[in-house]
Amino acid sequence: MLDLLLARLLLAAAGSLLAGCAVWGIATLCRRCLPGLSLQRSFWLVAQLAVTAVFAAMLLPPAERLRVVPVIDMDEHPARRADPGAERAANDFRNVMRVLK
């Protein structure tokens with residue numbers, strides 16, 4: 001349990017580090033293009049809030065509802081069930097895999 005918590009914390013720290021580097025790069029570009037923007041506190045506060053939000057979001061547990069890959073259910077083709085040679089080959093393969101485990 002502690003290892004899982006530490007791994008999630010390390011992942012969140014790495015994610016916030018990457019977000020911080022991205023925010024720093026964007027802030028540097030904006031400071032060069034818009035020098036008046038670098039004098040405002042709100043710009044820097046929003047940057048800090050973005051890094052904090054990334055850290056907090058990466059600590060959240062993953063939701064099962066948000067899967068990207070859909071679950072695919074495949075039925076056996078009727079022709080495969082009718083072929084006894086294919087059934088025997090499938091059983092042999094299962095037995096070999098069971099032995100190799």
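Heads up: the structure comes first, above all this text.
No experiment lies behind these values; they were computed from the predicted model shown. (Residues numbered from 1 in each chain as written. Predicted model: local features only at pLDDT ≥ 70, side-chain atom pairs only at ≥ 80, totals over all residues. Heavy atoms only, no water.)

Visitor: Can you break down helix H2 (residues 41–59) residue by residue, with the values?
Guide: Because the α-helix completes a turn every 3.6 residues, residues three or four places apart line up on one side. The end-to-end C-alpha separation of H2 is 27 Å, in line with the 27 Å expected for 19 residues at 1.5 Å each. Of all the residues in H2, the buried ones are Phe 43, Ala 47 and Val 51. Taken down its axis, H2 places every buried residue within 80° of arc, on the same side. Residues of H2 that are exposed and point more than 90 degrees away from the buried face comprise Arg 41, Leu 45, Val 46, Gln 48 and Leu 49. On its buried side, H2 packs onto helix H1 (2–33). (Helix = DSSP H or I, 4+ residues; strand = E, 2+ residues; numbered from the N terminus. Expected span 1.5 Å × (residues − 1). Buried < 20%, exposed > 50% of the residue type's maximum accessible area, 1.4 Å probe, protein only. Arc of directions from axis to C-beta. Contact = heavy atoms within 4.5 Å.)

Visitor: Hey, could you go over a nonpolar patch on the surface for me, with residue numbers and the actual values?
Guide: On the surface, Leu 2, Leu 5, Leu 6, Leu 9 and Leu 59 cluster together into a nonpolar patch covering about 470 Å² of accessible area. When you line up the elements, Leu 2 lands in helix H1. The class for Leu 2 is exposed, based on a relative accessible area of 57%. (Patch = residues over 30% accessible without salt bridge, like charges linked within 9 Å, V, L, I, M, F, W, Y side chains within 5 Å. Areas by Shrake-Rupley, 256 points an atom, 1.4 Å probe, with all protein chains shown as cover. Salt bridge = Lys/Arg side-chain N within 4 Å of Asp/Glu carboxyl O.)

Visitor: Tell me about the environment of Ala 22, and name the residues and values.
Guide: Residue placement: Ala 22 occurs in helix H1. Separated by 25 residues in sequence, Ala 22 and Ala 47 place their C-alpha atoms 9.7 Å apart.

Visitor: Explain the side chain of Thr 28 to me, and be specific about the residues and the numbers.
Guide: Its location among the elements puts Thr 28 in helix H1. With a relative accessible area of 14%, Thr 28 lands in the buried category. Within the structure, the side chain of Thr 28 is placed 2.8 Å from the backbone oxygen of Trp 24, a separation counted as a polar contact. (Polar contact = N/O pair within 3.5 Å; in protein donor to acceptor, adjacent residues only side chain to side chain.)

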